[in-house]
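Fold and contact review
Here is what each chain is made of, one letter per residue.
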Amino acid sequence: MAYTEIDDPTLFFRVKAYSGSGSGGDGSSDNIVYDETDTSMKPQLVWVKNRTTTHAFTTYWDLGSDTLRYFSPGEGNDAEVTPDGNVLSSFNSNGFTVGPHATVSGSGNSIISYSWKEDASGGYDYVSYSGNGTAGNTFSHSLSAVPHFILIKIRSGDTSDWYGYHHGLASANTKNFFFNTTGAESASSLWWNSTTPTSSVVTLGDQTGNNGSSKPYAAFLWTEKQGYSKFGTYLASNLSSGNFIHLGFRPAMFLVKAISGGSASARNWRVFSNKQDTFNEMHRKVYTNAGSAEVANDNEIDFCASGIKLRSNDGGTNTSGETYLYAAWAEAPFVNSKGVPGNAR
């Protein structure tokens, strides 16, 4: 039995916390280098958030051949932007370069980033495609596995929300969520044409948000890798010592959102990481759908050797009657491929 497909998660995913040094518009830049002993990983996707001040949670990605673009879901549903030297301007062999803008390097501010390498072995793929406005349209991907978590954004010509697919939702091929809002899941055959993604294609409905006629789209796709990534759901207990969520690894990052039941439509998308809180219990989180500074209240969760332990009945992670979806990536597998168990924090 294989315990993990990936012994070293840093080959494909990194969390980096750093201090900003920029001052608006002076053109200075900083090379942000990953923390680990072996810093080698060139990212193709980076999420960045200023933890100190009110600035957007921002997505930077590589269209291919080091051609960068970015979106800011925390500031709404705007079209893509070509970065200049004031923001995140390049992906490097051991990190990325940021200019002085406060979203990525506000002077004296604390910044958090999450980076992925585009590689089927690491379970992440990016696809650019064109919509045709007709239900049943498909686009191909290169994961060589069924995608479990998909985020899609129209790149230009419209201001539609971020669309999302998550395999853990009930009747998932009829469900959609919006990554840039607090909204709960929405059920309709219009999102994915009631068709489950396959190991080669994703099927679309006829909505402008993911398949408008002649519209360009960015699709970010992940598939689970045992011992490295997990995309699931849980029904909250509302107990102060709540659910244990088995992942099969000690997490580096945990993205969570109430998606149905109760007050799900009022809940933010929360991101916890091993670089925001370096010990348990954890209470620091940033929101993907809002520009607010990092929130530090309630000891909500623990990062454990094999998963997540809920530690409060805070509405963002553990309210009775609400179902939560999550996406998680590893710091270390629970047991590596040689059968050696990992440590708790």
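Quick note: structure is the one above.
Let me begin by describing the structure that accompanies this report. (Residues numbered from 1 in each chain as written. Predicted model: local features only at pLDDT ≥ 70, side-chain atom pairs only at ≥ 80, totals over all residues. Heavy atoms only, no water.)

Scanning the protein for helices and strands turns up two helices and 24 strands. For 345 residues, the compact-globule formula gives about 20 Å, and the C-alpha radius of gyration of the protein, at 19 Å, lands near that figure. The principal-axis extent of the C-alpha atoms belonging to the protein is close to 50 × 50 × 40 Å. Counting the 345 residues in the protein, one finds 56% classified as buried. In the protein, of all internal contacts separated by at least 6 residues, the share reaching a separation of at least 24 is 66%. Here the protein carries 24 positive and 31 negative side-chain charges, and the mean point of each set is 3 Å from the other. (Helix = DSSP H or I, 4+ residues; strand = E, 2+ residues; numbered from the N terminus. Rg over C-alpha atoms; globule rule 2.2 N^0.38 Å. Buried < 20%, exposed > 50% of the residue type's maximum accessible area, 1.4 Å probe, protein only. Contact = heavy atoms within 4.5 Å. Lys, Arg positive; Asp, Glu negative; His and termini not counted. Charge placed at Lys NZ, Arg CZ, Asp CG, Glu CD.)

Further remarks concern the sheet that holds strand β2 (residues 30–33). One open sheet accounts for three strands, arranged β2-β7-β6; its pairing is antiparallel. Sheet topology places β2 and β6 (88–92) at the edges, where each strand pairs with a single neighbour. Direction aside, the axes of adjacent strands within the sheet are offset by 25 degrees on average. Pairing analysis gives four bridges linking β2 to strand β7 (residues 95–98), with the strands arranged antiparallel. When the bridges of β7 are listed, Asp-30 appears paired with Val-98. (Pairing = 2+ DSSP bridges. Axes fitted to C-alpha atoms, helices over the stretch in contact; angles between N-to-C directions.)

The next point concerns the sheet that holds strand β14 (residues 186–187). If you walk across this open sheet you meet the six strands as β9-β16-β11-β12-β13-β14, and the pairing is antiparallel. At either margin of the open sheet sits one strand with a lone partner, and together these are β9 (124–130) and β14.

Within the structure shown, the criterion is met by 18 salt bridges. Linking Lys-275 and Asp-35 is a salt bridge whose minimum nitrogen-to-oxygen distance equals 2.9 Å. Here the residue Lys-275 occupies a position in the loop between β20 (270–273) and β21 (282–287), and Asp-35 occupies one in the loop between β2 and β3 (45–50), the gap between them amounting to 240 residues. Linking Lys-42 and Asp-66 is a salt bridge whose minimum nitrogen-to-oxygen distance equals 2.8 Å. Of the two residues, Lys-42 sits in the loop between β2 and β3 while Asp-66 sits in the loop between β4 (58–62) and β5 (68–71), which places them 24 residues apart along the sequence. One salt-bridge network, held together by shared partners, links Arg-14, Lys-16, Asp-35, Glu-36 and Lys-275. (Salt bridge = Lys/Arg side-chain N within 4 Å of Asp/Glu carboxyl O.)

What follows covers the environment of Lys-309. Locating Lys-309 in the fold gives a position in strand β23 (residues 307–310). Looking at Lys-309, the relative accessible area reads 16%, which means it is buried. Sequence-wise, Lys-309 and Ser-65 are 244 residues apart; in three dimensions their C-alpha atoms are separated by 41 Å. If we skip the residues at most four places from it in the chain, Lys-309 touches Ser-241, Gly-242, Asn-243, Phe-244, Glu-300, Ile-301, Asp-302 and Cys-304. Within the structure, Lys-309 has its side chain in polar contact with the side chain of Ser-241 (distance 3.5 Å). (Polar contact = N/O pair within 3.5 Å; in protein donor to acceptor, adjacent residues only side chain to side chain.)

Let's shift gears to the nonpolar core. With 72 residues, the main nonpolar core has Trp-47, Tyr-114, Trp-116 and Trp-222 as its most contacted residues. Top contributing element to this core by residue count: strand β19 (residues 249–260), with eight residues. Leave out the neighbours within four places in its chain, and Trp-222 touches Leu-45, Trp-47, Trp-116, Gly-123, Tyr-124, Leu-143, Pro-147, His-148, Phe-149, Leu-151, Phe-231 and Trp-329. (Core = buried A, V, L, I, M, F, W, Y, C linked by side-chain atoms within 4.5 Å.)

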